[in-house]
Amino acid sequence: MSAEREAPLIVERDGDVVTWTLNQPATLNAISDDAVINALVGAVAEANRDQSVRAVILTGAGKAFSAGGNVKDMAARTGLFGGEAHEQRVGYREGIQRIPRAMYSLEVPVIAAVNGPAVGAGCDLALMCDLRLASDRAFFAESFVKLGLIPGDGGAWFLPRIVGPARAAEMALTGDRVDAATALEWGIVSRVTEPGELLDAARELSDRIAANPPVAVRMTKKLLRESSRQSLDQLLELSAAMQGIAHHTADHHDAVVAMTDRRPRQSRP
């Protein structure tokens with residue numbers, strides 16, 4: 001096995017699209033270890049730095065997307081789950097809470113290809129993505145209360161924005177599973193596939209996104225993010241500034257000329 005395959009996060013690039021694979025199948029891709037947290041945060045920073053990256057796919061190795069926190073570490077009170085209450089507070093802020101902050105700052109669209117269970121913080125990780133596709137073997141569970149815990153990684157912020165307050169309350173207060181078909185009905189995912197078709201579907205979607213002018217895609221994602229926390233006037237002001245930038249890009253000029261000439265738009269690196 002190569003060193004890359006032993007990494008907690010496998011990063012693979014194919015053209016304009018990067019695939020991140022959580023690579024801890026023995027722990028069902030738990031994401032509470034420092035190595036996984038650092039890898040995810042680092043991958044986000046690299047995607048933001050590399051302007052040639054146009055989309056990201058996030059999935060899990062093995063039979064799970066992510067089981068969230070490492071329950072064995074919880075039982076042993078080690079790692080993120082060790083120390084006194086005040087130490088754990090700092091541990092969360094400087095540990096797993098780095099993931100939602102990083103994912104929220106990711107400039108390119110990210111598609112979660114949910115290949116199996118997405119539980120607890122793993123469910124929240126999927127919700128941090130812009131789009132979600134699921135295998136029919138997947139399920140989602142905001143399961144913290146079943147362990148006497150609360151969503152410590154931002155799930156109480158992300159979940160209502162995806163499913164609405166009533167269904168968010170049902171998921172968070174019961175901790176019950178939501179299967180793939182129900183996730184589709186509730187809008188958690190936009191498509192459910194056979195297991196063997198999941199990554200192909202995610203790649204097809206990412207290619208459709210990556211085919212668009214990259215500056216406009218990154219700024220559109222930024223506007224969608226900002227819309228949840230800004231007033232209409234504030235968002236309109238930001239939109240005006242970004243539109244001024246967009247109008248001066250070579251991609252916009254070529255797209256307009258291509259439309260008037262009735263020819264395909266040129267793809268730029």
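Keep in mind that this is a model prediction, so the values were computed, not measured.

With respect to the overall build of the chain
Right, on to step 1. Scanning the chain from N- to C-terminus turns up 13 helices and 9 strands.
Right, on to step 2. Its C-alpha atoms give the chain a radius of gyration of 19 Å, near enough to 18 Å, the size a compact globule of 269 residues would have.
Right, on to step 3. Overall size of the chain, expressed as C-alpha extent along the three principal axes, is 65 × 50 × 35 Å.
Right, on to step 4. Here the chain holds 269 residues, and 44% of them are scored as buried.
Right, on to step 5. Sequence-distant contacts, at least 24 apart, represent 65% of the contacts inside the chain between residues at least 6 apart.
Right, on to step 6. For the chain, the accessible area works out to roughly 13700 Å², and carbon and sulfur atoms hold 56% of it.
Right, on to step 7. Across the chain, the 29 positively charged side chains and the 34 negatively charged ones have centroids separated by 2 Å.

A word on the nonpolar core
Right, on to step 1. With 49 residues, the main nonpolar core has Trp 20, Met 103, Phe 140 and Ile 188 as its most contacted residues.
Right, on to step 2. The element best represented in this core is helix α2 (residues 34-49), accounting for 6 residues.
Right, on to step 3. Discounting residues that sit within four places of it in the chain, Phe 140 has contacts with Val 114, Ala 118, Cys 123, Ala 126, Ala 134, Met 171, Asp 176, Arg 177, Val 178, Ala 183, Ile 188 and Val 189.
Right, on to step 4. Core analysis: the second largest hydrophobic core is formed by 13 residues, Val 17, Ile 57, Leu 133 and Ala 201 among them.

Details of the pattern of salt bridges
Right, on to step 1. According to the stated counting rule, one finds 12 salt bridges in the structure shown.
Right, on to step 2. Measuring nitrogen to oxygen at the nearest pair gives 3.6 Å for the salt bridge that ties Arg 225 to Asp 130. Highlighted residues: Arg 225 in helix α11 (residues 214-226) and Asp 130 in the loop between α6 (121-127) and β6 (131-135), separated in sequence by 95 residues.
Right, on to step 3. A residue is classified by how much of its surface remains accessible, and Asp 130, at 26% relative accessible area, is partly exposed.
Right, on to step 4. When salt bridges that share partners are traced, they join Asp 14, Arg 203 and Asp 207 into one network.

Some thoughts on the domain arrangement of the chain
Right, on to step 1. According to the domain assignment, the chain consists of domain 1 (3-210) and domain 2 (212-261).
Right, on to step 2. Look at where the C-alpha atoms of domain 1 and domain 2 centre, and you get two points 28 Å apart.
Right, on to step 3. Each partner contributes residues to the interface: domain 1 has 20 residues there, and domain 2 has 8 residues.
Right, on to step 4. Regarding the contact of domain 1 and domain 2, the summed buried area is about 1100 Å², with carbon and sulfur atoms giving 39% of it.
Right, on to step 5. Where domain 1 touches domain 2, the interface holds 3 salt bridges.
Right, on to step 6. Broken down by secondary-structure element, the contributors of at least two residues to the side of domain 1 that touches domain 2 are α2, α5 (98-105), α7 (155-163) and α10 (198-210).
Right, on to step 7. It is α10 that contributes the most residues to the side of domain 1 that touches domain 2, 3 residues altogether.
Right, on to step 8. Considered class by class, the residues forming the side of domain 1 that touches domain 2 number 12 nonpolar, 2 polar and 6 charged.

Some points on unusual backbone geometry
Right, on to step 1. With a phi close to 55°, Leu 28 is a non-glycine residue in the positive phi region.
Right, on to step 2. On the secondary structure map, Leu 28 appears in the loop between β2 (17-22) and α2.
Right, on to step 3. With relative accessibility at 33%, the residue Leu 28 sits in the partly exposed group.

Criteria and cut-off values
Residues numbered from 1 in each chain as written. Predicted model: local features only at pLDDT ≥ 70, side-chain atom pairs only at ≥ 80, totals over all residues. Heavy atoms only, no water. Helix = DSSP H or I, 4+ residues; strand = E, 2+ residues; numbered from the N terminus. Rg over C-alpha atoms; globule rule 2.2 N^0.38 Å. Buried < 20%, exposed > 50% of the residue type's maximum accessible area, 1.4 Å probe, protein only. Contact = heavy atoms within 4.5 Å. Areas by Shrake-Rupley, 256 points an atom, 1.4 Å probe, with all protein chains shown as cover. Lys, Arg positive; Asp, Glu negative; His and termini not counted. Charge placed at Lys NZ, Arg CZ, Asp CG, Glu CD. Core = buried A, V, L, I, M, F, W, Y, C linked by side-chain atoms within 4.5 Å. Salt bridge = Lys/Arg side-chain N within 4 Å of Asp/Glu carboxyl O. Domains from an automatic or database assignment. Buried area = accessible area lost by both parts, 1.4 Å probe. Nonpolar A, V, L, I, M, F, W, Y, C, P; charged D, E, K, R; others polar.

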